[in-house]
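Each chain, written out:
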Amino acid sequence: MRTRLIIYFLTYVFFHTSFGQVSKVTVSGLIKDASSKSVLAFVNVTLKTIDTIFITGTITNEEGRFTLNDVVSGNYSLSVSYVGYQEKSIPIIVGQLSNFLDIGVIEMSLRSDSLGEVTVTSKQEIVSAKMDKKTFNLSENISQSGGSLLDAMRNLPGVTTQDGKIQLRGSDKVMVLVDGKQSALTGFGGQTGLDNIPASAIEKIEIINNPSSRYDANGNAGIINIIYKKEKKEGFNGKVGIAGGLGALWIKKGNLPSIRPQYQATPKINPSLSLNYRKSKINLFLQADNLFTKTLNKNEFVNRFYDNGDTVIQQTKRNRTTNFVTVKSGTDWFLNPANTFTISGLFGSEKILDRGDEPFFNGHLTARRRLWQFLEDELKTTVTASVTWQHKFKRPGRTLNTSFNYTFHREDEKYFFTNILPSFTGLDSFKLLSDEHVADFNLDYVHPLKQGRFEAGIKFRRRTIPVNMLFKPGLNSPLDSTAGGYANYYETIPAAYANYIYESNKFELEGGIRIEYVGIEYDVNPNHSVYKSDGYNYFQPFPNIRMAYKIDDNNKLSIFYNRRVDRPNEVDIRIFPKYDDAEIIKVGNPALQPQFTNTFEVGYKTSWGTGYLFPSLYYKRINATISRIGSIVPGSTLIYNIFQNAGKSYNTGFEILFSQNIADIVSLNVGAAGYKNIQDSFTVTNRYPVENVFSANREEIFSGNVKLNGAVYLSKKVEVQLTAIYQAPDLVPQGKLFSRFSIDAGVKKAIQQGRGELFVNATDVANTLQLKREIKGNGFRYVSNDYFETQVFRVGYSYKF
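The shown structure was predicted, so the numbers you read here are calculated from the model rather than taken from an experiment.

### Details of the sheet that holds strand β32 (residues 639–645)
So, point 1. Across the sheet, which stays open at both edges, the three strands sit in the order β28-β32-β31 with mixed pairing between neighbours. Looking at the sheet topology across the chains shown, the edges are occupied by β28 (584–587) and β31 (626–631). Recorded for the sheet is a direction-independent mean angle of 30° between the axes of neighbouring strands.
So, point 2. Two strands pair when backbone bridges link them, and β31 and β32 are joined in this way by six bridges, in the antiparallel orientation. Looking across to β32, one finds that arginine 628 is bridged to phenylalanine 643.

### Structural notes on the packing of aromatic side chains
So, point 1. Using the criterion set out here, one finds 23 aromatic pairs in the structure.
So, point 2. Plain terms: the ring middles of phenylalanine 236 and phenylalanine 801 are 5.9 Å apart, the flat faces sit at 40° to each other, and that makes the pair tilted. In this pair, phenylalanine 236 sits in strand β15 (residues 235–247) while phenylalanine 801 sits in the segment after β45 (792–800), placing the two residues 565 residues apart along the sequence.
So, point 3. The class for phenylalanine 236 is exposed, based on a relative accessible area of 53%.
So, point 4. Considering the side-chain rings of phenylalanine 341 and tryptophan 389, the 6.3 Å spacing of their centres and the 15° angle between planes classify their relative orientation as stacked. Of this pair, phenylalanine 341 sits in strand β19 (residues 339–362) while tryptophan 389 is found in strand β20 (residues 368–392), placing the two residues 48 residues apart along the sequence.
So, point 5. For phenylalanine 341, a relative accessible area of 29% translates into the label partly exposed.
So, point 6. According to the relative accessible area criterion, tryptophan 389 is partly exposed, its value standing at 27%.

### Section: the side chain of histidine 409
So, point 1. Within the secondary structure, histidine 409 sits in strand β21 (residues 399–420).
So, point 2. On the basis of relative accessible area, histidine 409 is assigned to the buried category, the value being 9%.
So, point 3. In terms of polar contacts, histidine 409 uses its side chain to reach the side chain of threonine 382, at 2.8 Å.
So, point 4. The contacts of histidine 409, once residues within four sequence positions are left out, are Ala184, Lys380, Thr381, Thr382, Ser434, Asp435 and Glu436.

### Examining the nonpolar core
So, point 1. Judged by nonpolar contacts, the single largest core of 53 residues is most densely connected at Trp372, Phe417, Tyr579 and Tyr688.
So, point 2. The contacts of phenylalanine 417, once residues within four sequence positions are left out, are Trp372, Gln373, Phe374, Gly426, Leu427, Asp428, Ser429, Phe430, Leu479 and Tyr579.
So, point 3. With 27 residues, the next largest nonpolar core counts Leu150, Val159, Leu194 and Ile205 among its residues.

### Things to note about the pattern of salt bridges
So, point 1. Applying the stated criterion across every chain yields a total of 44 salt bridges.
So, point 2. With its nearest N and O atoms 3.2 Å apart, the salt bridge here joins aspartate 172 to lysine 173.
So, point 3. Owing to a relative accessible area of 26%, aspartate 172 belongs among the partly exposed residues under this scheme.
So, point 4. With a shortest N-O distance of 3.1 Å, lysine 459 and aspartate 216 are connected by a salt bridge. Residue lysine 459 is found in strand β23 (residues 452–472), and its partner aspartate 216 is found in the loop between β13 (202–208) and β14 (222–228); the two are separated by 243 residues along the sequence. For the pair shown, lysine 459 and aspartate 216 are each scored as buried.
So, point 5. The network of salt bridges with common partners includes Glu503, Glu508, Glu510, Arg546, Lys550 and Lys556.

### What about the sheet that holds strand β4 (residues 65–72)?
So, point 1. Ordered by their spatial adjacency, three strands build an open sheet running β4-β1-β7, and the pairing between neighbours is mixed. The sheet is open, and its two borders are formed by β4 and β7 (100–108), each paired with just one other strand. Averaged over all neighbouring strand pairs, the angle between strand axes comes to 20°, with direction disregarded.
So, point 2. Pairing analysis gives six bridges linking strand β1 (residues 24–33) to β4, with the strands arranged antiparallel. Across the sheet, valine 25 pairs through a bridge with valine 71, a residue of β4.

### What to know about the environment of glutamine 182
So, point 1. Looking at the element boundaries, glutamine 182 is found in strand β12 (residues 181–182).
So, point 2. In this structure, glutamine 182 is in contact with Met175, Val176, Leu177, Phe188, Asp216, Lys459 and Arg461, ignoring residues within four places of it in sequence.
So, point 3. One polar contact links glutamine 182 to arginine 461, side chain to side chain, over a distance of 2.8 Å.

Parameters and conventions
Residue numbers here run from 1 along each chain, matching the order of that chain's written sequence. Totals for whole chains, interfaces and linings use all residues, but because this is a predicted model, local features are given only for residues with pLDDT of at least 70 and pairs of side-chain atoms are given and counted only at 80 or more. The side-chain numbers reported here are obtained from all heavy atoms of the structure, hydrogens and water having been left aside. Should DSSP find at least two bridges between two strands, the strands are regarded as paired. Each helix is a run of H or I in the DSSP string that is no shorter than four residues. Each strand is a run of E no shorter than two, and both are numbered from the N terminus. Inter-axis angles, ranging from 0 to 180 degrees, are taken between N-to-C directions of lines fitted to C-alpha atoms, where helices are fitted over the stretch in contact. Aromatic pairing here means that ring centres of Phe, Tyr or Trp (its six-membered ring) are within 6.5 Å. Orientation follows from the plane angle: under 30 degrees is stacked, over 60 is edge-to-face, and everything else is tilted. Think of it in three bands: residues with accessible area under 20% of the maximum for their type are buried, residues over 50% are exposed, and the middle band is partly exposed, with areas taken using a 1.4 Å probe on protein chains only. Residues adjacent in sequence count toward polar contacts only when both atoms are side-chain atoms; beyond that, a polar contact is any pair of N or O atoms within 3.5 Å, and within protein one must be able to donate a hydrogen and the other to accept it. Any two residues whose heavy atoms approach within 4.5 Å at even a single point are treated as in contact. Residue types Ala, Val, Leu, Ile, Met, Phe, Trp, Tyr and Cys, when buried and joined through side-chain atoms within 4.5 Å, form a set referred to as a nonpolar core. Salt bridges are defined as contacts in which a side-chain nitrogen from Lys or Arg sits within 4 Å of a carboxyl oxygen from Asp or Glu.

Written as structure tokens, this is what we have:
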């Protein structure tokens, strides 16, 4: 109850966030003679408001076509005049759901009566016009500048982070795109690598809670689209930057006895370079970034209690050193006004060194039972190549886009273990090599209509991931060497979609459907001790519907429905046990099936001159919920965490975004979310290492988060930002996650006539953030507290040229 009161109270507080700009529309049409139907060249075309105020004008070309660019949404009168013809005025509604409006054919008659004007009002949107997307510019996130993409995203409204993953509305089933496409950098089936991608490489982030059918159906919580920086200015230009920082300046929680020291005063270095050269029909671009960090990545203390009376106290300390280099480059070739070709490539190299210690003590800390030390040496290499072609038809807004994308992603992972017990010391190791190959072909067609547009397209993907695991057991090894060998993953996905958008003066309608066939084959080493080859396939429709009613210029009500799927990622079904925690072991499940989600949502937006309010209510029903389930086998204290389909679950909640500017010098906003998670009772069978059954009763919890951000503009050159984040207790598989709180702050100053910028920031200023959870299983329970590194101080400089 206290958690609910905190959330309800804080929703009245303000939070600063920046949304997408006002939409601009290109208006086009074709003018003909009413009698002969021949086109009329050099006709005068003017656009006026209802008060006959001139907005813009042009003349038709030799083909009788005209184009008016950068028209703000609203209602206008379009007038056409030509020598010998009667001037004609027609009403047009410039909407917000399409960047192009095709008026169609306008026929002019000799000495005919004029048509009257019709009045419409313009409307400025802060959240996207469809109320399904929010856009954030990372340059305005001062308190997280110089950090990783994951750092930057944790401050965004509606976003939370847990275990290195992004969550939307309490779910990590999020599809992460890079420039509108899935990428091995962020994961094809799930999320990965967000904590190592430099935020300096990213221009903006789009959060899409209710995707249309033109997007892949994966990800029930929604889509996050990461847009890399890319300029198209004429001539040579660019930006160079450098940021540095220190973390873990103080020890949150000291080590248990007899292990190596924690990382302290951990350095962070982030140089970045952006270059662009455009001349005539060629545009060359390059974005290069390097993020080097040392981090106390994990400092978790776990107390395990067993029904037989045994108690184990352990600590998992992980000192991590990471160096991530990304280079994205390419060229745009503007062959002619109708055809543009883009060739681009991306190279990413991520080197990770983890040095870990895991001591295990009895319940009184009087005797150490075991010390498990490990070194993880991992190199991830990503190479992508993309070719796109865009054809613009004569009718503005009518486009055909085709693209082919190829991705290669290698994981070269080696673990070295030292297993120290009172009677002996064992040396164990393993090596894993995974090569991912992904080929994507996409074709998308857009046809503008007088009151909306029609979209359609096809997609084909072929994805293969051969994985090899080699265990090298030592003396009295705890490693299951029979669980090694090969496992090959094959994925084939053809899909097609159609989407129709209609907009009138008061109503909006969007309806679409995506048809997907998915075929998954998982070929497992026949000598594996437990698992055998498996897979699944489905042929399913994924519809989406959006209806909206425009109450007036500043108020709109929208209703959404969509159906989505979460396909298990390859690592979720991977058959090899993972030993970075020696006694809480993670294993995949090749029998894992996809989960399907139906979502209903109602959103309302009201805005005024200095702010806006955007509340929404939603309900999700999830079948075959994917959860990681922990179990023990008789006679052992080892816990095995294995992915399972845990029956039905439900998620009901609200989101509120509220913003208010005060006297042009202060911006205060709030982002608040509250949701109720319900997990129905279920029974599953964990097959590894031996078959055992786990059952759970129905569980539910109310949770949420509040993010407050205040910005003070001391002058046109100096901005101060303060962010506070509260996350309420939440439901996790077999237990709950306790509340968390942190405060971030930053200052930036423009220098060198606006070309240069300095910033200073600090994350988790009070060093209060920790991760506490409680897990219950058959025959055991445990409580963990992770005092990982969260407080970082940074300073940075950038210069535009």
